[in-house]
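Here is how the chains run, residue by residue.
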Amino acid sequence: MKKFAAAMAAALSLAVLGLSGCAQSGAKTSAEASAENPMVLTLAHGLSETHTVHIAMTEFADKVEERTNGRIQVRILPNGQLGSENENMEQLMAGVISMTKVSAPGLATYNESYHAFGLPYIFDDTEDFYHVMDSDEMHEFFLSTEDEGFVTLTYYTSGARSFYTKDKAIRTPEDLKGLKIRVQDMKSQTDMLKALGGIPVAMSYGDVYTSLQTGIIDGTENNETALTTGKHGEICKVFSSDQHAMIPDVMVMSSKVWKSITPEDQQIILEAARKSTDSHKIAWNTAIEEAKKEASETMDVTFVEDVDKEAFRQATAGMISDYCSQYPGVQTLLDIINSAE
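What you are looking at is a predicted structure, and each value in this text was computed from that prediction instead of being measured.

### Quick notes on the overall build of the protein
Then comes step 1: Within the protein one finds 12 helices and 12 strands.
Then comes step 2: Seen along its three principal axes, the alpha-carbon backbone of the protein occupies a region of about 60 × 40 × 40 Å.
Then comes step 3: Here the protein, with 341 residues, has 55% of them falling under the buried criterion.
Then comes step 4: Put simply, of all contacts in the protein between residues at least 6 apart along the chain, 74% involve residues at least 24 apart.
Then comes step 5: Accessible area of the protein: about 14,400 Å², with a carbon and sulfur share of 49%.
Then comes step 6: Mean positive and mean negative side-chain charge positions of the protein (28 and 50 charges, respectively) differ by 5 Å.

Listed below in structure tokens is the structure:
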């Protein structure tokens, strides 16, 4: 019922926006499409138009239109116009929109393997993350979920997540004991913090600043840009670079829509998507460096680098083992990650 209601609400929103109320308008297959009667794909997401991922997806849309000579067009609806990430994914599965952007673990509802992306320390470092995510093995996995109703076209980095607090450095798991730490509302994140000895508090990102300010939470975890864009650096003065998770965003397309696109046009879309990922890496690295500089120089945030990552890995090893037992698909994806060449 909830999925039906979300789909109907989205259909109404699309109608208000002057769209057709279905996944794509114009030509129903790319083989039928022409510049005069293009296949128009709707891509809804919750980010602002200044976000690096939105900019990357805009590049993707431009490249698809250019390389298909206008036969396929991607119409982007940002700023949560059609609801939350979960609602957008439900709309995609219901055939209301063509594409969306979600945090990778959010896809575990439809394919349990995606739980793996929310687990701690599955990548050695940023270089390893990019190596694995760009591998042929990962590309094959991304396209292997067609029977589940979606395919993943590409990923976008959202950086390495670390702990930061008002005044306490987190160098070992023991430093988290008794601290109330905000985490994303994902099972993997609450389980991770429990394994590390902290007290997980799941809440929306928009509530974090006030909760830090009022003492509802002692700290939170995110990448460095949250210090500046979210103004968290005004309150939290110690950022401990434990880099416990690297959770990618992913751009996904409805299987029904994917099947209506010719193999030649599918290749164009994949190449455009992966090119936008390459561009996003550059933009993201710049954003991280700028955030660290601003937080350090204007917010007096101290960045702690001497973190015992091995202690964090050992503390969460049992949790990862439990996930592999509970969700066989997690082990499958971890095998892909460990074998990527």
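Still to come is the rest of the account.
### With respect to the packing of helix 6 (residues 187-196) against helix 11 (residues 309-326)
Then comes step 1: Running from N to C, helix 6 and helix 11 cross one another at 140°; their axes reach a closest spacing of 9 Å. By the angle between their axes, helix 6 is oblique relative to helix 11. Read as a crossing pair, helix 6 and helix 11 show a hand that is right-handed. Between helix 6, through K187, S188, D191, M192, A195 and L196, and helix 11, the contact on the second element is made entirely by F312, A315, T316, M319, Y323 and Q326.
Then comes step 2: When the residues that make up the contact of helix 6 with helix 11 are grouped by side-chain class, the tally is 7 nonpolar, 3 polar and 2 charged.

### What about the environment of H45?
Then comes step 1: If you trace the backbone, H45 turns up in the loop between strand 2 (39-44) and helix 2 (52-67).
Then comes step 2: In the structure, H45 is positioned 129 residues away from E174 in sequence and 38 Å away in space, judged by C-alpha atoms.
Then comes step 3: Excluding its chain neighbours within four sequence positions, the residues that come into contact with H45 are H54, M57, I76, L77, P78, N79, G80, Q81, N88, T100 and K101.
Then comes step 4: Of the polar contacts made by the side chain of H45, one reaches the side chain of H54; its length is 3.0 Å.

### Looking at the nonpolar core
Then comes step 1: Y114, F117, F123, M138 and F163 are the most contacted members of the largest nonpolar core, which has 57 residues in total.
Then comes step 2: Ignoring any residue separated from it by four or fewer positions in sequence, one finds Y114 in contact with A104, P105, L107, A108, F141, F142, T145, F150 and T152.
Then comes step 3: The next biggest cluster of nonpolar side chains, apart from the first, holds 28 residues, and it includes L41, V53, V257 and L270.

### A closer look at the confidence of the model for the protein
Then comes step 1: Overall, the predicted model of the protein reaches an average pLDDT of 93, with 93% of residues at or above 70.
Then comes step 2: This stretch, residues 15-21, has a pLDDT under 50; its non-local contacts, to residues over four places away or in other chains, come to 11 contacts.

### Concerning the packing of helix 11 against helix 12 (residues 328-339)
Then comes step 1: At a minimum axis distance of 4 Å, the contact between helix 11 and helix 12 shows a crossing angle of 115°. Two secondary-structure elements touch here, helix 11 through I320, Y323, C324, S325 and Q326 and helix 12 through P328, V330, Q331 and L334.
Then comes step 2: Of the residues in the contact of helix 11 with helix 12, the class split is 6 nonpolar, 3 polar and no charged.

### Considerations on the packing of aromatic side chains
Then comes step 1: Inspection of the entire model under this criterion finds 12 aromatic pairs.
Then comes step 2: Look at Y110 and F150: their rings are 6.4 Å apart centre to centre, the planes differ by 70°, and that puts the pair in the edge-to-face class. Of this pair, Y110 sits in the loop between strand 4 (99-103) and helix 4 (126-133) while F150 sits in strand 5 (residues 150-156); the two residues are 40 residues apart in sequence, bridging distant segments of the chain. The pair formed by Y110 and F150 is uniform in burial state, with each residue classed as buried.
Then comes step 3: Above the plane of the ring of Y130 lies K281, whose end atom (NZ or CZ) is 4.6 Å from the centre.

### Some thoughts on helix 12
Then comes step 1: With 12 residues, helix 12 should reach 16 Å at 1.5 Å per residue; the first-to-last C-alpha distance of 17 Å fits that figure.
Then comes step 2: Here helix 12 has its buried residues at G329, V330, L333, L334, I336 and I337. In a view along the axis of helix 12, the buried residues occupy a sector of 155°, so they form one face of it. Structural note: helix 12 exposes P328 and N338 on the side pointing more than 90 degrees away from its buried face.
Then comes step 3: Looking at the buried positions of helix 12, the neighbouring elements they touch are helix 4, helix 5 (136-142) and helix 11.

### Re the pairing of strand 6 (residues 161-165)
Then comes step 1: Of all 5 residues in strand 6, 5 are buried; the element is thus mostly enclosed.
Then comes step 2: Here strand 6 shows a buried face lined by R161, F163 and T165 and a second buried face lined by S162 and Y164.
Then comes step 3: As paired elements, strand 6 and strand 10 (residues 238-245) share 4 bridges and run antiparallel to each other. Its bridge partner lying in strand 10, T165 is registered against V238.
Then comes step 4: Examined bridge by bridge, strand 6 and strand 9 (residues 219-222) share 4 bridges and lie antiparallel to one another. Among the inter-strand pairings, Y164 is bridged to a residue of strand 9, identified as T220.

### What to know about the pairing of strand 3 (residues 72-77)
Remark: a regular strand shows side chains that alternate across the two faces of the sheet.
Then comes step 1: Pairing of strand 2 with strand 3 involves 6 bridges; the strand directions are parallel. When the bridges of strand 3 are listed, A44 appears paired with L77.
Then comes step 2: As a crossover connection, the stretch from strand 2 through helix 2 into strand 3 is right-handed.

What counts, and where the lines are drawn
The numbering scheme is per chain: residues are counted from 1 as the chain's sequence reads. Local features are withheld for residues below a pLDDT of 70 in this predicted model, meaning they are given only at 70 or higher, and side-chain atom pairs are given and counted only at 80 or more; totals for whole chains, interfaces and linings count all residues. To obtain the side-chain values, all non-hydrogen atoms of the structure were used and water was disregarded. Put simply, DSSP H or I for four residues or longer makes a helix, DSSP E for two residues or longer makes a strand, and each gets a number counted from the N terminus. The cut-offs for exposure are 20% and 50% of the maximum accessible area for each residue type, with area from a 1.4 Å probe on protein chains only; residues under the lower value are buried, those over the upper are exposed, and the others partly exposed. When checking whether two residues touch, look at their non-hydrogen atoms; a contact exists if any pair is within 4.5 Å. All accessibility values rest on the Shrake-Rupley procedure with a 1.4 Å probe; residue burial counts only the protein chains present in the view. By the counting rule applied here, Lys and Arg register as positive and Asp and Glu as negative, while His and the ends of each chain are not counted. To locate a charge, take NZ of a lysine, CZ of an arginine, CG of an aspartate or CD of a glutamate. As a rule, the C-alpha atoms of each element are fitted with a line to give its axis, helices using only the stretch in contact, and angles between N-to-C directions run from 0 to 180 degrees. Reported orientations rely on four angle classes, namely roughly parallel under 35 degrees, roughly antiparallel over 145, roughly perpendicular from 65 to 115, and oblique for the rest. Note on convention: the crossing is left-handed when the near helix lies turned anticlockwise from the far helix by less than a right angle, right-handed when the turn is clockwise. Following the grouping adopted for this structure description, the nonpolar residues are Ala, Val, Leu, Ile, Met, Phe, Trp, Tyr, Cys and Pro, the charged ones are Asp, Glu, Lys and Arg, and the polar ones are all others, Gly among them. A 3.5 Å cut-off defines polar contacts: any pair of N or O atoms within that distance qualifies, except that in protein one atom must be a possible hydrogen donor and the other a possible acceptor, and neighbouring residues in sequence count only when both atoms are side-chain atoms. Among buried residues, those of type Ala, Val, Leu, Ile, Met, Phe, Trp, Tyr and Cys that are joined through side-chain atoms within 4.5 Å constitute a nonpolar core. A score from 0 to 100, pLDDT tells how confident the predictor is in each residue. Aromatic rings from Phe, Tyr and Trp, with only the six-membered ring used for Trp, were paired whenever their centres fell within 6.5 Å, and each pair was classed as stacked if the ring planes differed by under 30 degrees, edge-to-face if by over 60, and tilted otherwise. Comment: the charge-over-ring label is applied if NZ (Lys) or CZ (Arg) is within 6 Å of the ring centre and within 35 degrees of the ring normal. Multiplying 1.5 Å by the residue count of a helix minus one yields the expected span of that helix. Arc definition: directions from the helix axis to the C-beta atoms. Strand pairing is assigned whenever DSSP detects at least two bridges linking the two strands. A right-handed crossover is one whose linking path, passing over the helix from the first strand to the second, runs clockwise when the strands point away from the viewer.

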